[in-house]
Every structure is written in C-alpha cells, then in structure tokens.
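# Analysis of the macromolecular model
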Amino acid sequence: MAGLTQLFDASQYLNGMLEFIKNSPTPYHASHSLCTILDEQGFRRLSETEEWYLQEGDQCYVTRNGTSVIAFRFGSNSKVTHGMRLVGAHLDSPCLKLNPKANFEKHGYRVANVEVYGSSLLRTWFDRDLAIAGRIFVRDADGSIRKVMIDSKVPVAVIPSIAIHLERQANKLQEIDSQVHINPVLLNHWGDGETLPQQLLDFAGDQAEAEDILGFDLRFYDSNPPNLIESEIEISNSDNLTSDCSNQYISSARIDNLLSCYTGVQALTNASGDNFCMLVASDHEEVGSVSDSGAQGRFLLQVLERIGALDPRVIRNSAMLSADGAHGLHPNYPEKHDEQHRPVLNRGPVIKVNSNQRYATSDETEAVIRGLCTDLKIPVQVFVSRNDQPCGTTIGPLVASEIGIKTVDVGVAQFAMHSIRELAGCDDAVYFLKLLKAFYDSDSVSLVD
Ligand SMILES: [Zn+2]
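Everything numeric in this text was worked out from a predicted model, so none of it was measured.

This part takes up the layout of surface pockets. Size it by volume and the largest pocket reaches roughly 1200 Å³. Of all elements in the fold, only β20 (413–415) and β21 (422–425) reach the threshold of two or more residues within the lining of the largest pocket. In terms of residue class, the lining of the largest pocket is made up of 13 nonpolar, 20 polar and 11 charged. Both domains that furnish three or more residues to the lining of the largest pocket are identified here as domain 1 (4–93 + 226–441) and domain 2 (95–126 + 129–222). Volume-wise, the second largest pocket comes out at about 420 Å³. Every residue lining the second largest pocket is counted, 20 residues in all, and those nearest its centre are Lys-106, Pro-160, Val-180, His-181 and Val-185. Of the residues belonging to the lining of the second largest pocket, the class tally is 12 nonpolar, five polar and three charged.

See below:
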C-alpha cells in the first residue's frame, strides 16, 4: 500500500491523475481504471449476485452495470460508535453518444448519428480530433453473447465549424442546432454500412464480425490527451499555503468529475484504517442520476444493507463528502458569480452551499470541513450561486435524502465545466487529496444530534 510519502508526492499524484483520465474516455473505462487501482491496492472484488463473506479488516469493491463502483474498507473503529466516512463522486461526463442507427450518408459524406448525453457545451466539440470508445456486445458462433471494450485512441471523426466567410455572423449569432449541426463527419475508418464498421472490433483486436454486434454504447471524445500547464503568472497567496506545484494547471477533458474519482480512490487506499471508509463512484449523474446504477437508484442502499450499515446509529454517526467540480470565477464573466462567493483556481477546495438543497451542505457539515482545512493548514473557499442564476446540483442531496447521511458538497474550482476541455488548478487537486484523506480519518463528524 502506498505510504504517506508516495501519497503526497504531488507530481506522482498529478501524473497518475492525467494517466487515469486519459485511460477513462467513457464511464466503462473509468470504472475499469478505478477497479485496476483497487485491485493493485489489495481490494477484493465482490459480485452483487453472490454471497458476501465479510470479515474484520476487509477491503472490497463491487460494481454495477460495468460503471458504478462502490469500494469500502473496514476500520478498527466500530461503525455504530464512529459511523462511516463516505466520499461520493460521479464517473460520467457530458458527451456525444452514438445512436443505434449509427451513421448515414449526408451530401456525399458519412456522418455519425449522435445523441447529446448530458448538458454538453456543444460549441467546444467543433474542430476536435474525435476518437470513439465504449463497449460492444457481440454474439459468437456458439450463440453466446459477450462484451468487448473499445477505444479507437486514434481520431475517427471531426465536427468542422462553418467557415466565417460562409457565416459572417458566426461570432455574434450562431446557434447550434443539436439535431443537424453536430453530426461528426466520419473519416477513413468507417466504410459505407449503416451500422458499425468492422474497424471498431479491429481496434479491440477482436475476432468477431461486425454483423454479430447486438448492442453498443459508444461515445466520441477528444483524442487530445490531458496536459499539465505550468504558468509564468505569479498569483499572490496571502496565506502562504501553496503546495509544491503553485501556478500549475490541469488541462483535460472530464475533469468534472474524474478528478474527484481519482482523488477519492487515492484517499481511500491511503486512509489510516481506523474508520469504516467508502468510495461511491456513480454513473448517470449528468443525466439526473435516475437509473439502476445512478445515485438515485438503490445500489448504495443495497450495499449498505448487505454490510449491515443501515442501523440508524451508524447512519447518524456517518457523513458523506460529495466530491464534484465547482465553478471558478471566470475573469471575463465576473458578473456570473455572487460578489462575495468567487472561488479562484489554486486557492483551495470549494465548499458549495445552497439553501434550496441543490447542494447538501449544512452549517454543521461546513463546520466539519472548515475544521479539517484549518488543521491541515490548507485554504478553503465557498461558493453560493447568485439568486438570479439557476444552481447546479450533485449526487450529494440524493444520498442525503435517500439514506439519511449528513452530507457536504465540496469540490475543486475549475473553468469551462462541461466543455470538451476543462481547466483546474494543481494546488487545488493536492489540497483536495489531503482533505479527502483527512475526512476519511476524521474522528467525529457528528456535531449535533
Ligand atoms: Zn460534475
């Protein structure tokens, strides 16, 4: 198991995160990446359809639908007297998903037929070298059906912009019609058929034929890999609490919310072992969480039931940290933030507060996080959306209401949430790792009955 020295080797952690995001273009791949880390750290895989034999000191994980992952480790403290510490995150991101009738001819080109998954910032998908990934179900000669994971890695499509000469008002008026303007134009990997090309199976080195494909979930993604950016700009920090990687940034797709997933699993596998700790990485957050594997399904509830954690004494001594991205102040759009609540990149984790319960933070759970940040000597920021601006949400309020666990919404400030390319601060990621580990190790999270 990684020791503290390794945990707080910032550059190893950040490079590990970039690798994790790069290898996780879809929720299926993100799930696989998480499971690989858990396997390496000695966690035992459980199946929902089999009996579980759990004992003291166990560390296990279970997946649902090949996406959502719940990992947990028993601690030396009793769940009844000390409760549980949960970190929740989501492993899906907005994207363009291939439709069952996958492609068609349009004015001499083959184009992909796609559906928008989640609230994508569509204009950012133009002029990118789009690769494709996901999973395919194929039928073998003996009639059996199996799953094939696919990642083309190389670009297979692009959505070209209309030239400024053909749309003079493009910088002022151009609207994007998601039915007609965002069909990815397929490049030379696709052929003429209406369904999937053999090439996709060939990418996976699979022997099956394209006509044996029975179902698939394939998503386009930007083939440009994640990057660390070192800034020359000095940002003053009056608290003098920067980590070793001041003024560095992570530029990547899916920072929302793979940054939290990766940080969560690193914190879990490095927790002290005193408390019962759990990581919940859910699918379908970007489309409302209502699914068998989403946070509003019964996956978490059923896992808690099987490990005997639904005793009200356990639940009410427990807390969840709902880890998800926060909106950093955009210097060109300062009016979009409440004047007093303007998180800045690389200035510390952001506690998200909303009195209408779009975030689950309460004064009590805010106090717990502020206390931890003070002990850790790391800065902390707070976000409240403007009254005239709709507020986003997370899985936090769902878990809080479904299970009755007190919850706090905290995340790393980022630019361009739901763009195909987002930006977050490296200091914040390091602070966040320290905070999540401290949360897992925290002695008490219950300040009121
Ligand atoms: Zn998110």
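From this point on, the discussion continues.
Before going further, it helps to examine the sheet that holds β20. With respect to topology, five strands assemble into an open sheet ordered β12-β13-β21-β20-β16, the strand pairing being mixed. Looking at which strands have only one partner, the edges of the open sheet turn out to be β12 (227–230) and β16 (326–327). Direction of pairing for strand β13 (residues 248–252) relative to β21: antiparallel, over a ladder of four bridges. Within the sheet, the bridge partner assigned to Ser-251 lies in β21 and is Leu-423. Contacts from helix α11 (residues 426–441) reach β12, β13, β20 and β21 within the one sheet, and its direction differs from that of β21 by about 65 degrees.

For the rest of this paragraph, the subject is the environment of Gly-392. Relative to the elements of secondary structure, Gly-392 occurs in the loop between β18 (381–383) and α10 (396–403). If we ignore the near neighbours within four places in the chain, the residues touching Gly-392 are Arg-358 and Tyr-359.

Our focus in this paragraph is the coordination of the zinc ion. Those donors, His-90 (NE2), Asp-256 (OD), Asp-324 (OD) and Asp-324 (OD), are the protein atoms that reach the zinc ion, and they lie 2.0 to 2.8 Å from it. Between consecutive donors of the zinc ion, the numbers of intervening residues give the motif H-x165-D-x67-D. Of this pair, His-90 sits in strand β4 (residues 84–90) while Asp-324 sits in the loop between β15 (319–323) and β16, and the two are 234 residues apart along the sequence. Judged on exposure class, the residue His-90 and its partner Asp-324 are both buried.

Before going further, it helps to examine the packing of helix α9 (residues 363–376) against α11. Running from N to C, α9 and α11 cross one another at 115 degrees; their axes reach a closest spacing of 10 Å. Accordingly, the angle class assigned to the pair α9 and α11 is roughly perpendicular. Crossing handedness for the pair α9 and α11: right-handed. Residues Ile-369, Leu-372, Cys-373 and Leu-376 of α9 form the contact with α11, whose own contacting residues are Lys-434, Leu-435, Ala-438 and Phe-439. In the contact of α9 with α11, the residues fall into seven nonpolar, no polar and one charged.

Further remarks concern the domain arrangement of the protein chain. For the protein chain, the assigned domains are domain 1 (4–93 + 226–441) and domain 2 (95–126 + 129–222). Once you take the C-alpha centre of each, domain 1 and domain 2 turn out to be 30 Å apart. The partner domain 2 presents 19 residues to the 18 residues of domain 1 that form the contact. Between domain 1 and domain 2, the buried area comes to about 1600 Å², and carbon and sulfur atoms account for 59% of it. Three residues, Tyr-28, His-418 and Ile-420, lead the burial of domain 1 against domain 2; their summed loss comes to 40% of the area buried on that side. Seen at the junction of domain 1 and domain 2, the total is zero salt bridges. Remark: the boundary between domain 1 and domain 2 carries eight residue pairs in polar contact (both at pLDDT 80 or more).

Rules used throughout
Residues numbered from 1 in each chain as written. Predicted model: local features only at pLDDT ≥ 70, side-chain atom pairs only at ≥ 80, totals over all residues. Heavy atoms only, no water. 1 Å grid on protein atoms, 1.4 Å probe; cavity = no way out; pocket = protein on both sides within 12 Å on 5 of 7 lines; lining within 4 Å. Points joined across faces, edges and corners; volume = space filled by probe spheres on them. Helix = DSSP H or I, 4+ residues; strand = E, 2+ residues; numbered from the N terminus. Nonpolar A, V, L, I, M, F, W, Y, C, P; charged D, E, K, R; others polar. Domains from an automatic or database assignment. Pairing = 2+ DSSP bridges. Contact = heavy atoms within 4.5 Å. Axes fitted to C-alpha atoms, helices over the stretch in contact; angles between N-to-C directions. Donors = N, O, S within 2.8 Å, 3.2 Å for Na, K, Ca; no water. Buried < 20%, exposed > 50% of the residue type's maximum accessible area, 1.4 Å probe, protein only. Parallel < 35°, antiparallel > 145°, perpendicular 65-115°, else oblique. Left-handed = near helix turned anticlockwise from the far one by under 90°. Buried area = accessible area lost by both parts, 1.4 Å probe. Salt bridge = Lys/Arg side-chain N within 4 Å of Asp/Glu carboxyl O. Polar contact = N/O pair within 3.5 Å; in protein donor to acceptor, adjacent residues only side chain to side chain.

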